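# Analysis of the macromolecular model
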Amino acid sequence: MPRYALKVEYHGAPFSGWQRQSDHPSVQGAIEAALGKLERRPHTIAAAGRTDAGVHGLGQVAHCDLEKDWDPFRLSEALNYHLKPDPVAITACAVVPEDFHARFSATWRQYLFRLVTRRAPLTHDKGLAWQVPHPLDAEAMQAGADRLVGRHDFTTFRSSICQANSALRTLDRLDIEAIEGPSGPEIRFHVKARSFLHNQVRSFVGTLERVGAGAWSPDDVTAALEARDRAACGPVCPPHGLYLAAVGYEPDPFDHN
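Let us look at the structure shown here. What you see is a predicted model; the values in this text were computed from it and never measured. (Residues numbered from 1 in each chain as written. Predicted model: local features only at pLDDT ≥ 70, side-chain atom pairs only at ≥ 80, totals over all residues. Heavy atoms only, no water.)

### Focus: the packing of helix α3 (residues 138-146) against helix α4 (residues 200-212)
Contact geometry of α3 with α4 gives a least axis separation of 8 Å together with a crossing angle of 135°. By the angle between their directions, the pair α3 and α4 is classed as oblique. The two elements α3 and α4 meet at a crossing, and its hand is right-handed. Here α3 contributes A140, M141, G144 and A145 to the contact with α4, which in turn contributes L208, E209, V211 and G212. Among the residues forming the contact of α3 with α4, the class breakdown is 5 nonpolar, 2 polar and 1 charged. (Axes fitted to C-alpha atoms, helices over the stretch in contact; angles between N-to-C directions. Helix = DSSP H or I, 4+ residues; strand = E, 2+ residues; numbered from the N terminus. Parallel < 35°, antiparallel > 145°, perpendicular 65-115°, else oblique. Left-handed = near helix turned anticlockwise from the far one by under 90°. Contact = heavy atoms within 4.5 Å. Nonpolar A, V, L, I, M, F, W, Y, C, P; charged D, E, K, R; others polar.)

Structure, rendered in C-alpha cells:
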C-alpha cells in the first residue's frame, strides 16, 4: 500500500483537538472521514503532533496508507473537496517511503504564538490570537525567554496530566518578535524543539507575558525553571493564539527541487 505525507492547515476553533474522539469533532476525524469517501473502508492516520482543542495548524504533517496509487496533487484536491465545509485544508501531498512516520520521523517541530496588545475587542483576529489590554516589554520577555533555551528539566512548564516519561527536553529556539500586526501591536513567539511536553509552549507564553507586563523579572523565570515544580509556573495562556507552524524531516518529503 503506498504511503502519503499530507501537510495540513486548519482552524482549531470547531474541533476538540487533533486526536479522533468518538463524541466530539476532531481534525483527525475529519481527514479520516474524507479518506473514507475515496476508499470506502476505515482509515487511521498519524500526525507529527496532537494539538489541543482550539490550537491551529499551519504546517501539521500526517501520513496515510491507501490501496490506490494516487497522483499526490489529485489526492490533495480530492481530500480538500471532501473536507468541505470544515476549516481544514491539505496544502501539500507527497509519496513517501513505507517507513516514513509523521511523528517518529520528525526531527523538529516549530510553533508560533500570536499575542495582540490592545484594549478594543478583536474582530478579524478573534479566536486567532490571545489579547491582553496592556503593553508589553518585548526586550524583557526575550531576556526571560533566553533563560529557557537549551536542555533542561521542564517539569515547571508541563501540564500535570502530561504523559511523557521525562521532562528533560532541549529547547532550540524561543524568539520574541514585536511587530505592528493587522490588529495592532503584536508579540509573536517562535518556539522550536525536537519535541514538546503537554502545554509547554502555552506555559512559556503565559509566564513570559508576566515578564513583559513587569510582574516578573527574567530572574523569576530562572527560579521557576529551577524549581521543577508546576506550582512555580506563571499562568497558562489560552490555546487560540497557538499554531503548529512547521515540522522538519530529513529529507523533506515536500521538497521537490
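### What about helix α5 (residues 218-227)?
Residues of α5 that are buried include every one of P218, V221, T222, A224 and L225, and no others. Along the axis of α5, the buried residues cluster in a sector spanning 160°; they form a single face. Facing away from the buried side of α5, by more than 90 degrees, are the exposed residues D219 and E226. Tucked into the core, α5 has its buried residues touching α3, β7 (150-153) and α4. Looking one or two residues beyond α5, the residue adopting positive phi is R228, at roughly 50°. (Buried < 20%, exposed > 50% of the residue type's maximum accessible area, 1.4 Å probe, protein only. Arc of directions from axis to C-beta.)

### Looking at the pattern of salt bridges
Within this structure, the stated rule accounts for 12 salt bridges. One salt bridge connects E32 with R20, and the closest N-O pair in it is separated by 2.7 Å. Of this pair, E32 sits in helix α1 (residues 27-38) while R20 sits in the loop between β1 (3-10) and α1, placing them 12 residues apart in sequence. Taking the relative accessible area as the measure of exposure, E32 reaches 8% and is therefore buried. Each of R114, D125, E186 and R188 takes part in salt bridges that share partners, so that together they form one network. (Salt bridge = Lys/Arg side-chain N within 4 Å of Asp/Glu carboxyl O.)

### Remarks on the pairing of β1
Counting buried residues along β1, 6 of its 8 residues qualify, which places the element largely inside the surrounding structure. Inspection of the sheet shows β1 paired to strand β3 (residues 56-65) by 7 bridges, in the antiparallel sense. Each residue of the ladder has a partner; that of K7, found in β3, is V61. In this sheet, strand β4 (residues 88-96) lies alongside β1 in antiparallel orientation, the contact comprising 8 bridges. Note that in β4 the partner of K7 across the bridge is A92. (Pairing = 2+ DSSP bridges.)

### Observations concerning the side chain of R202
Within the secondary structure, R202 sits in helix α4. For R202, a relative accessible area of 14% corresponds to the buried category. Polar side-chain contacts of R202 include one of 3.4 Å to the side chain of N199. (Polar contact = N/O pair within 3.5 Å; in protein donor to acceptor, adjacent residues only side chain to side chain.)

### A look at the layout of surface pockets
Approximately 1200 Å³ is the volume found for the largest pocket. In this structure, the largest pocket is lined by 38 residues; those nearest its centre are G49, R50, R103, F196 and H198. Of all the secondary-structure elements, those providing two or more residues to the lining of the largest pocket are β2 (46-47), β5 (108-117) and α4. Here the lining of the largest pocket gets 3 residues from one element, more than from any other, and that element is α4. Its residues assigned to classes, the lining of the largest pocket shows 17 nonpolar, 13 polar and 8 charged. Taken together, V95, V96, P97, D99, F100, S105, Y249, E250, P251 and P253 make up the lining of the second largest pocket. A class-by-class count of the residues in the lining of the second largest pocket yields 7 nonpolar, 1 polar and 2 charged. (1 Å grid on protein atoms, 1.4 Å probe; cavity = no way out; pocket = protein on both sides within 12 Å on 5 of 7 lines; lining within 4 Å. Points joined across faces, edges and corners; volume = space filled by probe spheres on them.)

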